[in-house]
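Secondary and tertiary structure notes
Chain by chain, the residues run as shown.
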Amino acid sequence: MKNLKISSFMVSALALFLLLACSQNNINLENFDANKTLQLSEKTDFIHSIIRHHGKLAPKATQETKFQSSFDSFYLKEEKRIELVYFVKKHTDDFSYALTYRIMPSIKLKKAATAIRFKTDVNGEITHYEEVFRTWKMEEKKLKTKGDKLFTLLLEGKDLTPFYNQNSGTEEWIEFPDEHVSFDIQKRTWISSLDDPLKEYYNMKD
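Nothing here was measured: the structure is a model prediction, and the numbers come from that model.

**Some details on the packing of aromatic side chains**
Inspection of every chain in the model, using the stated rule, returns 9 aromatic pairs. Ring geometry for tyrosine 86 versus phenylalanine 151: centroids 5.8 Å apart, planes at 10 degrees, classification stacked. With tyrosine 86 in strand E1 (residues 82–88) and phenylalanine 151 in helix H5 (residues 140–155), the pair connects residues that are 65 residues apart, well separated along the chain. Residues tyrosine 86 and phenylalanine 151 agree in their burial class; the two are buried.

Given below as structure tokens:
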């Protein structure tokens with residue numbers, strides 16, 4: 001019998017296919033539709049509570065200074081770019097989850113989806129904040145299909161690494177994390193292992 005050599009790409013592609021095919025789809029996302037389960041004020045309050053972690057860093061701000069009131073007007077504008085799509089309070093693992101869409105720079109209207117895992121204390125203050133994944137930007141119809149699939153798999157406790165950029169081949173699913181970018185739970189921001197030679201100049205921009 002001939003020895004078969006299977007490339008790592010083929011293994012990743014097969015794993016992704018099996019993950020899609022075998023998902024039991026026990027999760028019904030309609031039960032977590034934020035437009036149906038939350039009041040407008042509740043959605044607004046949640047986005048407001050996470051925006052300085054979830055939104056773009058304000059010009060001239062740093063991770064340490066972004067909470068200063070001088071940046072309030074910027075983050076209020078950022079909130080308008082964010083849509084809360086799904087909200088899952090106290091899932092089976094005792095975490096709460098949310099999926100958001102964010103309008104991204106593009107000639108056509110495109111958005112990226114981000115899955116958030118978090119905990120709050122008795123006063124509603126966030127004690128744990130983690131962005132589990134962020135998709136590539138895409139038109140909303142495609143984002144709806146892919147975002148729903150990824151969020152369902154996340155709630156089911158499935159492994160999402162086959163959908164990472166380095167494993168998904170030519171199909172775009174998850175942009176971050178990847179082999180260089182991960183989410184720092186302590187700092188509550190995405191970090192890269194690659195040096196950025198322009199980093200010191202970012203806060204000099206108008």
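**Points about the nonpolar core**
Among the nonpolar cores identified, the biggest contains 26 residues, and Leu99, Phe133, Phe151, Leu154, Leu155 and Leu160 are the most heavily contacted of them. At the level of secondary structure, the elements contributing two or more residues to this core comprise E1, strand E2 (96–104), strand E3 (110–120), strand E4 (126–135) and H5. Top contributing element to this core by residue count: H5, with 6 residues. Beyond its immediate sequence surroundings of up to four residues, leucine 99 is in contact with Glu83, Leu84, Val85, Tyr86, Ala113, Thr114, Ala115, Phe133, Gly147 and Phe151. With 22 residues, the next largest nonpolar core counts Phe46, Phe71, Ile126 and Phe183 among its residues.

**Examining the pattern of salt bridges**
All chains considered together, the criterion is met by 11 salt bridges. Where arginine 81 meets glutamate 78, a salt bridge forms, and the shortest distance between an N and an O atom there is 2.6 Å. Linking glutamate 156 and lysine 158 is a salt bridge whose minimum nitrogen-to-oxygen distance equals 3.3 Å. A relative accessible area of 29% places lysine 158 in the partly exposed class. Here the salt bridges do not stand alone but share partners, grouping Glu83, Lys111 and Glu140 into one network.

**Regarding the sheet that holds strand E5 (residues 174–176)**
As a general point, the strands of a sheet are linked pairwise by backbone hydrogen bonds and lie either parallel or antiparallel. Spatial strand order, E1-E2-E3-E4-E5: 5 strands in an open sheet with antiparallel pairing. Looking along the sheet, the strands with just one partner apiece sit at the ends: E1 and E5. The average angle at which neighbouring strand axes cross in this sheet is 30 degrees, direction not considered. The sheet contact formed by E2 and E3 spans 9 bridges and is antiparallel. Counterpart to tyrosine 97 in the pairing with E3 is arginine 117. Relative to the sheet, H5 contacts E1, E2, E3, E4 and E5, its axis offset from that of E2 by approximately 160 degrees.

**Digging into the pairing of strand E7 (residues 189–192)**
Within a regular strand, the side chains alternate between the two sheet faces. The pairing of strand E6 (residues 181–184) with E7 spans 4 bridges and is classified as antiparallel. Of the residues in E7, the one forming a bridge with serine 182 is isoleucine 191. What sits between the antiparallel neighbours E6 and E7 is a turn of 4 residues, in which arginine 188 has the positive phi angle 60 degrees.

Reading the values: the criteria
- Position labels on residues start from 1 in each chain and follow its written sequence.
- This being a predicted model, a pLDDT of at least 70 is required before a residue's local features are given, and a value of 80 or more before pairs of side-chain atoms are given or counted; all residues contribute to the totals for chains, interfaces and linings.
- Water and hydrogen atoms were dropped before computing side-chain values, which therefore reflect all heavy atoms in the structure.
- The criterion for an aromatic pair is that two Phe, Tyr or Trp rings (for Trp, the six-membered ring) have centres within 6.5 Å, with stacked assigned to planes under 30 degrees apart, edge-to-face to planes over 60 apart and tilted to the rest.
- Starting at the N terminus, helices and strands are each numbered in turn, a helix being any DSSP run of H or I of at least four residues and a strand any DSSP run of E of at least two.
- Between buried and exposed lies partly exposed: a residue is buried under 20% and exposed over 50% of the maximum accessible area for its type, with that area taken using a 1.4 Å probe on protein chains only.
- Nine residue types can take part in a nonpolar core, namely buried Ala, Val, Leu, Ile, Met, Phe, Trp, Tyr and Cys, and a core is a set of them joined through side-chain atoms within 4.5 Å.
- In what follows, residue pairs with any heavy atoms lying within 4.5 Å of each other are defined as contacts.
- One side-chain nitrogen of Lys or Arg within 4 Å of one carboxyl oxygen of Asp or Glu is enough to make a salt bridge.
- By this definition, two strands are paired if DSSP reports at least two bridges between them.
- Axis lines are fitted through C-alpha atoms, for helices just across the contact stretch, and the angle between N-to-C directions can take any value from 0 to 180 degrees.

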